[in-house]
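This is what each chain is made of:
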Amino acid sequence: MADRNLLFLDIPRTEPARRPVELRIGDFREIYAPVDPRSAAQQAGRCLGCGNPFCEWKCPVHNYIPDWLKLIEQGKLFEAAELSHQTNSLPEMCGRICPQDRLCEGACTLNDGLGAVTIGSIEAYITDEALKAGWKPDMSHVRPTGKRVAIVGAGPAGLGCADILVRHGVEPVVFDRYPRIGGLLTFGIPPFKLDKEVVETRRALLEEMGVEFRLGVEIGRDLEFATLLADYDAVFLGMGTYTSVKGELPGERLPGVVEALPYLVSNINRELGLAAGGGPFIDLKGQRVVVLGGGDTAMDCNRTAIRQGAASVTCTYRRDEENMPGSRRDFKNSRDEGVAFLFNRQPVAILGGERVRGVEVVETRLGAPGPRGRRLVEPIPGSEEIIEADAVLVAFGFLPSPPAWLGSHDIEVHANGRVRVTTLGPRRFATTNPKVFAGGDMVRGSDLVVTAVFEGREAAGGMLEFLGVAPAVRAA
Ligand code: FAD
Ligand code: SF4
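Residues numbered from 1 in each chain as written. Chains lettered and ligands numbered in written order. Predicted model: local features only at pLDDT ≥ 70, side-chain atom pairs only at ≥ 80, totals over all residues. Heavy atoms only, no water.

Around ligand 1, the structure places 32 residues, and the nearest of them are Ile97, Asp176, Lys193, Tyr242 and Asp441. One of the side-chain nitrogen or oxygen atoms of arginine 177 is found 3.0 Å away from an oxygen atom of ligand 1. When ligand 1 sits alone it has 1,000 Å² of accessible area, and the protein chains cover 97% of it. Listed by contribution, the elements that provide at least two residues to the shell around ligand 1 are helix H10 (156-167), helix H14 (296-307) and helix H17 (449-467). Of all the elements, H14 adds the most residues to the shell around ligand 1, at three residues. (Near = heavy atom within 4 Å. Polar contact = N/O pair within 3.5 Å; in protein donor to acceptor, adjacent residues only side chain to side chain. Areas by Shrake-Rupley, 256 points an atom, 1.4 Å probe, with all protein chains shown as cover. Helix = DSSP H or I, 4+ residues; strand = E, 2+ residues; numbered from the N terminus.)

Let us look at H17. The terminal C-alpha atoms of H17, which comprises 19 residues, lie 27 Å apart, in line with the 27 Å expected from a rise of 1.5 Å per residue. Counting buried positions along H17 yields 18 of 19 residues, so the element is predominantly enclosed. (Expected span 1.5 Å × (residues − 1). Buried < 20%, exposed > 50% of the residue type's maximum accessible area, 1.4 Å probe, protein only.)

A word on the packing of aromatic side chains. For the structure on display, the rule yields eight aromatic pairs. On the basis of an interplanar angle of 55° and a centroid distance of 4.8 Å, the ring pair of tyrosine 178 and phenylalanine 187 is categorised as tilted. Looking at tyrosine 178, the relative accessible area reads 24%, which means it is partly exposed. Classification of phenylalanine 187 by relative accessible area gives buried; the value is 3%. Relative to tryptophan 405, the ring of phenylalanine 225 lies with its centre 4.6 Å away and its plane at 20°, an arrangement referred to as stacked. (Phe/Tyr/Trp six-rings, centres within 6.5 Å; stacked < 30°, edge-to-face > 60°.)

A few words now on the domain arrangement of the chain. Reports of interface size often rely on the accessible area that becomes lost once the parts have come together. By domain assignment, the chain separates into domain 1 (4-132), domain 2 (148-241 + 400-467) and domain 3 (244-396). Distance between the C-alpha centres of domain 1 and domain 3: 31 Å. Each side of the interface is counted separately: domain 1 has 15 residues, and domain 3 has 14 residues. Counting each side, the surface lost to burial between domain 1 and domain 3 is near 1,200 Å², with a carbon and sulfur contribution of 46%. At the boundary of domain 1 and domain 3, one finds two salt bridges. When the shortest N-O distance is used, the salt bridge between glutamate 337 and arginine 24 registers 2.7 Å. The tally of links from domain 1 across to domain 3 stands at nine residue pairs in polar contact (both at pLDDT 80 or more). Elements with a minimum of two residues in the side of domain 1 that touches domain 3: helix H2 (21-24) and helix H7 (91-97). (Domains from an automatic or database assignment. Contact = heavy atoms within 4.5 Å. Buried area = accessible area lost by both parts, 1.4 Å probe. Salt bridge = Lys/Arg side-chain N within 4 Å of Asp/Glu carboxyl O.)

This next bit is on the environment of alanine 234. Among the structural elements, alanine 234 can be located in strand E4 (residues 234-237). Overall, alanine 234 belongs to the buried group, its relative accessible area being 0%. The spatial distance from the C-alpha of alanine 234 to the C-alpha of proline 403 is 19 Å, given a sequence separation of 169 residues. Residues in contact with alanine 234, not counting those within four places in the same chain, are Arg148, Val149, Ala150, Lys435, Met463, Phe466 and Leu467.

This part takes up the sheet that holds strand E14 (residues 391-394). Judged by pairing direction, the sheet is parallel, and its five strands sit side by side in the order E6-E14-E7-E8-E9 without closing on themselves. Of all the strands in the sheet, the pair left with one neighbour each is strand E6 (257-259) and strand E9 (340-342). The sheet shows a mean angle of 25° between the axes of neighbouring strands, taken without regard to direction. Here H14 sits on the sheet in contact with strand E7 (288-292), strand E8 (312-316), E9 and E14, set at roughly 170° to E8. (Pairing = 2+ DSSP bridges. Axes fitted to C-alpha atoms, helices over the stretch in contact; angles between N-to-C directions.)

Around ligand 2 sit 13 residues in total, of which Cys59, Cys98, Gln100, Cys104 and Glu123 are the nearest. The residue makeup of the shell around ligand 2, split by class, is nine nonpolar, three polar and one charged. (Nonpolar A, V, L, I, M, F, W, Y, C, P; charged D, E, K, R; others polar.)

Further remarks concern the nonpolar core. Trp68, Ile72, Leu165 and Leu185 are the most contacted members of the largest nonpolar core, which totals 72 residues. Looking at which element gives the most residues to this core, the answer is H17, with ten residues. When residues of this core are assigned to domains, at least three map to each of domain 1 (4-132) and domain 2 (148-241 + 400-467). Residues within four places of leucine 165 in sequence aside, it is in contact with Val149, Ile151, Val170, Pro172, Ala460, Met463 and Leu464. With 24 residues, the next largest nonpolar core counts Val289, Ile306, Phe331 and Phe341 among its residues. (Core = buried A, V, L, I, M, F, W, Y, C linked by side-chain atoms within 4.5 Å.)

If you want it as structure tokens, here you go:
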């Protein structure tokens, strides 16, 4: 019989099957097939159970990874689900969309040549399958405290915060301007990465646990922030970052030049059959599309345009492939699905008359490290070229978008617009207004789902201390 500690030698890393390219580019459904119990147990069994698991340290919520892998190997699905929820409020989503190559799987000891354990797909499998089999979070020990907290924003930060509060007997009421929960999980990340039913299933679960959602309510427009301060014992802000970075390029306002998020949201609204809240449907069928940028948002634009039937999609990025910030998995999927990548190209102008007809780019090389340690981009004189285009999608990232009313409630922001919070002491993530806490992208800048979840949970720990409910409870 094989030594079970050496299973990783007999069983190779096997990722979940992907739907064939020619099928998946014809729709917006998730591309990965569900994991079956046998393969989940086999893959989980590859874990070495390292004494000091680097994967746990590298995971932003510090999941008990080797422990729930062991439970899955033993077929103990419900125990694994309960354990997985001790540290993560949205494990089925993080398992799908975390950049695991940079986080848990990148830190796996087996990543050194033998193939990391497929931590992400097993994490998603645990909650997906447990919920199907009737598992529910154990709330039997929860006693109501009579405290009520308002949460502004139903994105990952707000949901992480609500999850911890409700598990401690505090009543969370979550406000969001959108008609569905999820923030960018719903209105940003495309359905081929995260099926929106997964978010709706989580909503039902949270509601059953006692979280109340008030959707279609914009704080500061439909309801004054002062009302929340007066009506609730504390307030959490998890409102994200929504100012698109401009390239400041000549021609950026030409018809046919579109910002990434409105483009993605218009497509999601259409897929979900929702009214076009932010603008009309943007259809790139038959067009030559150029995507500017190399992050997750650019990859999502690439793959959405391919699915809409664009004639061609070219993605330009000013650094090289190795330095591209987008997840490796999404880059590979983009390339497999037919996206052409042009690395070391910096856009200098968007060209056109009545509408866009191309992008002028200059070739670049990487120079000496800049003040933040990243090598600077140097344009190579005389290397300009024109890429013809019928549509240009601008995906340069996002800057903070703090609402004006923060200042009138003593909530300070840094010079760059991020909300100022304390990360030390028991009242973690308190803003300069002691009754108000904040977390996620509006605090750390545009980042990841898992870091927003972490900050929402940590802030809930700080709020519990503030409310005198459970002093110094550690959320994670
Ligand atoms: P958000 O998710 O932005 O949620 C904020 C919520 O607050 C929104 O629902 C908004 O409607 C609401 N809100 C704001 N103001 C108000 C108001 N005044 N009143 C009421 N409601 C309000 N991360 C990953 O980990 N993996 C990925 O693959 C990935 N892909 C991405 C793709 C795209 C296109 C984008 C844009 C981001 C991606 N990210 C990804 C980043 C990730 O989505 C964010 O870091 C994360 O969603 C931040 O969570 P949050 O809760 O802070 O904010
Ligand atoms: Fe890995 Fe993300 Fe899951 Fe942590 S939350 S174990 S980083 S997939």
